[in-house]
Amino acid sequence: MRRRAFVLLMSLLLVVLLLVVGLAFLGQKALQYRSAGQAQIAAQAKALAEAGLEDFRIKLQRDLAFPPHTLDKAVSAYSEQVIVGGSAIGSYTVTVNATYQAQPYAILVVTSLGEVGGSALQSVSRRALRVEVDIARFVRASPTVPNPNYRHITSYQDLGGL
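The structure presented is a predicted model; accordingly, all values stated were derived computationally and were not measured.

As a further point, take the overall build of the protein. Secondary structure assignment for the protein yields 1 helix and 7 strands. Each helix and strand of the protein, ordered N terminal to C terminal, gives the series α-β-β-β-β-β-β-β. Computed over its C-alpha atoms, the radius of gyration of the protein comes to 27 Å, more than 25% above the 15 Å expected for a compact globule of 162 residues. With respect to the three principal axes, the spread of C-alpha positions in the protein is 105 × 40 × 25 Å. Taken over 162 residues, the protein has a buried fraction of 26%. Sequence separation of at least 24 residues holds for 48% of the intrachain contacts in the protein that already meet a minimum separation of 6. Only carbon and sulfur atoms are counted for the fraction: they give 62% of the accessible area of the protein, which is about 11,300 Å². Side-chain charges of the protein comprise 16 positive and 10 negative groups, with the mean position of each set lying 19 Å from the other.

See the structure below:
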């Protein structure tokens with residue numbers, strides 16, 4: 001009788017131990033799935049920010065008057081909502097800082113903020129990228145030589161999630 005009780009008790013302890021190990025494994029997998037989902041959303045936010053930079057680059061390439069320059073406003077911005085398959089997945093906001101557009105700097109500082117989700121109050125993930133665009137028509141050291149980097153991105157910085 002004692003032997004049966006001992007075997008029954010050991011069997012119960014083994015089952016409890018296996019149950020605890022199994023639950024810990026399931027908890028770890030749930031955490032991995034959650035972090036994989038967050039990584040996917042963060043990648044979407046970065047892709048939206050990159051789409052904003054590409055949109056700016058195309059507008060800059062096609063329109064010589066872009067971005068519109070005003071003397072009283074050094075910073076301008078625009079936003080676009082991205083719709084895929086009929087539903088909005090997010091948006092990007094492009095901010096153009098023309099504070100340093102005059103010589104000797106002749107650069108535009110462009111920041112693109114990608115947001116996954118609805119409005120800024122409901123966004124799930126945000127990612128910001130910043131570039132500098134060379135707008136000097138001529139090489140700074142020699143004002144008669146055309147600038148090979150005119151209207152090209154000269155600096156790229158990932159500001160991370162906000």
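There is more to say, and it comes next.
By secondary structure assignment, the location of Asp55 is in helix 1 (residues 2–62). Discounting residues that sit within four places of it in the chain, Asp55 has contacts with Tyr78, Glu80 and Tyr92.

For the rest of this paragraph, the subject is the environment of Ala43. One can find Ala43 in helix 1. Taking relative accessible area as the criterion, Ala43 reaches 45% and is therefore assigned partly exposed.

This paragraph deals with the sheet that holds strand 7 (residues 152–161). Strand order in the open sheet formed by 5 strands is 1-2-3-4-7, with antiparallel pairing between adjacent strands. The open sheet terminates on both sides in strands that have one partner only, identified here as strand 1 (75–84) and strand 7. The sheet shows a mean angle of 20° between the axes of neighbouring strands, direction not considered. Two strands pair when backbone bridges link them, and strand 1 and strand 2 (residues 87–97) are joined in this way by 10 bridges, in the antiparallel orientation. Residue pairing for strand 2: Ser79 is matched across the bridge by Thr93.

Here we take up helix 1. Over its 61 residues, helix 1 runs 90 Å from end to end, which matches the ideal 90 Å to within 8%, given 1.5 Å per residue. Within helix 1, the full set of buried residues consists of Ala45, Leu48, Ala49, Gly52, Leu53, Asp55, Phe56 and Leu60.

Here the focus is the pairing of strand 3 (residues 107–117). With respect to burial, strand 3 is a largely interior element, 10 of its 11 residues being buried. Sheet topology note: the strand 2/strand 3 ladder contains 8 bridges and is antiparallel. When the sheet's bridge partners are listed, Thr95 is paired in strand 3 with Thr111. Alignment of strand 3 against strand 4 (residues 123–134), held across 11 bridges, turns out to be antiparallel. Bridge pairing links Leu108 to Val133 in strand 4.

The next point concerns the confidence of the model for the protein. Low pLDDT marks regions whose predicted coordinates should not be analysed in detail. Taken as a whole, the protein shows an average pLDDT of 86; of its residues, 94% reach a score of 70 or greater. Per-residue pLDDT, averaged within each element of the protein, yields its smallest value for helix 1 (87) and its largest for strand 3 (93).

Close approach of charged atoms allows side chains of opposite charge to pair. One pass over the structure, following the stated rule, counts 7 salt bridges. One salt bridge in this structure joins Asp134 and Arg140, with 3.0 Å as the shortest N-O distance. A relative accessible area of 42% means that Arg140 is categorised as partly exposed.

Reading the values: rules and limits
Residues numbered from 1 in each chain as written. Predicted model: local features only at pLDDT ≥ 70, side-chain atom pairs only at ≥ 80, totals over all residues. Heavy atoms only, no water. Helix = DSSP H or I, 4+ residues; strand = E, 2+ residues; numbered from the N terminus. Rg over C-alpha atoms; globule rule 2.2 N^0.38 Å. Buried < 20%, exposed > 50% of the residue type's maximum accessible area, 1.4 Å probe, protein only. Contact = heavy atoms within 4.5 Å. Areas by Shrake-Rupley, 256 points an atom, 1.4 Å probe, with all protein chains shown as cover. Lys, Arg positive; Asp, Glu negative; His and termini not counted. Charge placed at Lys NZ, Arg CZ, Asp CG, Glu CD. Pairing = 2+ DSSP bridges. Axes fitted to C-alpha atoms, helices over the stretch in contact; angles between N-to-C directions. Expected span 1.5 Å × (residues − 1). pLDDT = per-residue confidence, 0-100. Salt bridge = Lys/Arg side-chain N within 4 Å of Asp/Glu carboxyl O.

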